[in-house]
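In case you want the letters, here they are:
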Amino acid sequence: MLGITAGVAAYKAAELARLLVKQGALVQVVMTPSAHEFIGAMTLQAITGRPVRDQLFDADAEAAMGHIELARWADAIVIAPATADFMAKLAMGAADNLLLTICLATQAPVLIAPAMNEKMWAHPATQENQTKLTAQGVKLIGPAVGEQACGDVGPGRMVEPAEILAAAAELFELGPLSGKRVMITAGPTREPIDAVRYLSNRSSGKMGYALANAARLAGAEVLLISGPVSLDAPKGCALTEVTSADEMYGAVMNQLDGVDIFIAAAAVADYRAEYVAEKKIKKTEDTLTVNLVKNPDILREVAASAQRPFCVGFAAETNDLEQYATDKLNDKQLDMIAANWVGDQQGFDTEDNALLVIWSEGQTQLPQQPKRELAKQLMTLIEEHYHAKTTTQSS
Ligand code: PMT
């Protein structure tokens, strides 16, 4: 999310928005009401492809994505330029406009690029606000030293958009999984029967890709092993595309070295055809028998491997969810399992999902919500359990 407050440097926010979009970010611009005096919302809307948000009390916008949802939606908040007034309000926890409210309600990292007259920057009140904001975990970049719009020279200029972009990227490198390697399987597998037909399932890959994105946002190096889906790979993830369960198994085992956390979100076909017909099977008989043989159980093999990472499985079930998931947790010797109730328009190929997450000493329900948000919650749980386990092991 890009926040813009009422400073002359607001014109540079358009360039920052452009750079962020170029990097593949979904950019939602939120302006303070007086920022409109310095830059037009149409410009920003044209660059980001999304209507600018600026009203705290806007029934239409709230119905679509309310301010709390926006606060949850944001993976990071960059405010450029940030005026002295905005810094003061943010430091004291004020929430009298949409941008301040979002900053107060978010758990995402916040980066601000101050821009103001050098005397305003040097004022003890602004300096105290800077200290307070840093203590609250807000990151600051700049201000830069140089000539200002008012003619004064000194610290107060907003740093250039390219530098802000680099600082925004660093926010993710400092996440709780920085330095960790996470491997995620996603999507369906396809098991060929003949030259043109295959067995598969309705997995869209959305859950696995959302997890890859969440792991990346937590600072991890992400290896995404994906069956055939029509999704773009999340930025910054190393994607390996596979088709069949056998190929997925091979790709996982090949790259397993050094993996700290393995998350199996893929809907891997349990069986494949024993013989694949080279040519298209003809419709000559009333019935057709295809002999199926078991595929390798990738998750089970990873959990039993010598270099065993922290293992998280999924259990897609149409009934007895908790019981079956607990059985899989124990049987496959996992650290955690996300039980996913499926069928009846649930779980597979949907935008929203809900999970019952189970581990040996407890469980928690993650409520129905967009997969993107759900993935962030699940990743937080995984991080906590992973760190607890590795701390116990090393003490
Ligand atoms: O892709 P979406 O449309 O977003 O849908 C998400 C989802 C419903 C596919 C996902 O949330 C989910 O539940 N994935 C697991 C589906 C599944 O195959 O569950 P299972 O109960 O059959 O398998 C148990 C676990 O073993 C899973 O972690 C699975 O990835 C793994 N497994 C299964 C078989 C196999 N041969 N190898 C495996 O690794």
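On a predicted model such as this, the values are computed, not experimentally measured, just so you know.

Conventions and cut-offs
- Residues numbered from 1 in each chain as written.
- Predicted model: local features only at pLDDT ≥ 70, side-chain atom pairs only at ≥ 80, totals over all residues.
- Heavy atoms only, no water.
- Buried < 20%, exposed > 50% of the residue type's maximum accessible area, 1.4 Å probe, protein only.
- Helix = DSSP H or I, 4+ residues; strand = E, 2+ residues; numbered from the N terminus.
- Pairing = 2+ DSSP bridges.
- Domains from an automatic or database assignment.
- Contact = heavy atoms within 4.5 Å.
- Buried area = accessible area lost by both parts, 1.4 Å probe.
- Salt bridge = Lys/Arg side-chain N within 4 Å of Asp/Glu carboxyl O.
- Polar contact = N/O pair within 3.5 Å; in protein donor to acceptor, adjacent residues only side chain to side chain.
- Nonpolar A, V, L, I, M, F, W, Y, C, P; charged D, E, K, R; others polar.
- Axes fitted to C-alpha atoms, helices over the stretch in contact; angles between N-to-C directions.
- Phe/Tyr/Trp six-rings, centres within 6.5 Å; stacked < 30°, edge-to-face > 60°.
- Arc of directions from axis to C-beta.
- Patch = residues over 30% accessible without salt bridge, like charges linked within 9 Å, V, L, I, M, F, W, Y side chains within 5 Å.
- Areas by Shrake-Rupley, 256 points an atom, 1.4 Å probe, with all protein chains shown as cover.

> What exactly am I supposed to notice about the pairing of strand S18 (residues 352-359) here?
Remember that side chains alternate between the two faces of the sheet whenever the strand is regular. With seven of eight residues buried, S18 is to be regarded as a mostly interior element. Judged from the three bridges that link them, strand S17 (residues 336-341) and S18 form a sheet pairing that is antiparallel. Across the sheet, the residue bridging to Ala339 is Leu356, located in S18. Alignment of S18 against strand S19 (residues 362-370), held across seven bridges, turns out to be antiparallel. By the bridge assignment for S19, Ile358 is matched with Gln363.

> What is the right way to read the domain arrangement of the protein from this model?
Reports often express the size of an interface as the amount of accessible area lost when the parts come together. By domain assignment, the protein separates into domain 1 (2-174) and domain 2 (181-394). Measuring from the centre of the C-alpha atoms in domain 1 to the corresponding centre in domain 2 gives 38 Å. Opposite the eight residues of domain 1 that make contact, domain 2 presents nine residues. Summed over both sides, the interface between domain 1 and domain 2 buries roughly 720 Å², with carbon and sulfur atoms accounting for 40% of that surface. Taken as a group, Trp73, Asp75 and Phe172 account for 58% of the area that domain 1 buries against domain 2, more than any other trio of residues on that side. The interface formed by domain 1 and domain 2 contains two salt bridges. Two residues, Asp75 and Arg372, come together in a salt bridge whose shortest N-O distance is 2.7 Å. One can count six residue pairs in polar contact (both at pLDDT 80 or more) joining domain 1 with domain 2. Elements supplying a minimum of two residues to the side of domain 1 that touches domain 2: helix H4 (67-73) and helix H9 (161-173). Of the residues that constitute the side of domain 1 that touches domain 2, the class distribution is three nonpolar, two polar and three charged.

> Would you take a moment to explain the sheet that holds strand S4 (residues 110-114) for this structure?
Through backbone hydrogen bonds, the strands of a sheet pair up, either in parallel or in antiparallel fashion. Reading across the sheet, the five strands line up as S2-S1-S3-S4-S5 and stay open at both edges, with parallel pairing between neighbours. Taken across any chain shown, the strands that pair with only one partner, and hence form the sheet edges, are strand S2 (29-31) and strand S5 (139-140). Sheet analysis places strand S1 (residues 2-4) next to S2, joined by three bridges and oriented parallel. Paired with Leu2 across the two strands is Val29, which belongs to S2. Against the sheet, helix H1 (residues 10-22) contacts S1 and strand S3 (77-82), and its axis sits at roughly 170° relative to S1.

> Is there a simple way to think about the environment of Lys119 in this case?
Within the fold, Lys119 resides in helix H7 (residues 118-122). Among the residues examined, Lys119 registers a relative accessible area of 54% and is labelled exposed. Taking the C-alpha atoms as reference points, Lys119 and Ala88, separated by 31 residues in sequence, lie 15 Å from one another.

> Is there a simple way to explain the packing of aromatic side chains in this structure?
In this description, a pair of aromatic rings is defined by centroid distance and the angle of the planes. For the structure shown, the criterion picks out one aromatic pair. Between the aromatic rings of Phe310 and Tyr386, the centroid separation amounts to 6.0 Å while the plane-to-plane angle is 85°, which identifies the pairing as edge-to-face. Here the residue Phe310 occupies a position in strand S16 (residues 310-317), and Tyr386 occupies one in helix H14 (residues 371-394), the gap between them amounting to 76 residues. This pair shows no difference in class: Phe310 is buried, exactly as Tyr386 is.

> Got a minute to help me understand the sheet that holds strand S13 (residues 261-264) in this structure?
The eight strands lie next to each other as S12-S11-S8-S13-S16-S17-S18-S19, forming an open sheet whose pairing is mixed. For this open sheet the edge positions go to strand S12 (237-241) and S19, each flanked by a neighbour on one side alone. Here the average twist between neighbouring strands, direction ignored, is 15°. Across the sheet, H14 lies against S13, S16, S17, S18 and S19, angled at about 155° from S19, the strand it touches most.

> Hey, could you run me through the side chain of Thr106 in this one?
With respect to the helices, strands and loops of the structure, Thr106 is situated in the loop between helix H6 (98-105) and S4. Engagement of the side chain of Thr106 in a polar contact is seen with the backbone nitrogen of Ala108, the distance being 3.0 Å.

> Just checking my understanding: could you explain helix H13 (residues 321-331) for this structure?
Owing to its 3.6 residues per turn, the α-helix brings residues three or four apart onto one side. Considered for burial, the residues of H13 that qualify are Leu321, Ala325 and Leu329. Buried residues of H13 fall within an arc of 60° about the axis and therefore sit on the same side.

> In this structure, what is going on with a nonpolar patch on the surface? I would like to understand it.
A contiguous nonpolar patch, built from Leu199, Tyr271, Leu288, Val290 and Leu292 and spanning about 420 Å² of accessible area, is present on the exposed surface. Note on placement: Leu288 falls in the loop between strand S14 (271-273) and strand S15 (292-294).

> Any chance you could explain helix H5 (residues 84-92) here in plain terms?
When H5 is considered as a whole, its buried residues turn out to be Ala84, Phe86, Met87, Leu90 and Ala91. Down the axis of H5, the smallest arc covering the buried residues is 160°, so these residues share one side. Packed against the buried residues of H5 are S3, H6, S4, H7, helix H8 (124-135) and S5. Looking one or two places after H5, you find Gly93, whose phi comes out positive at around 80°.

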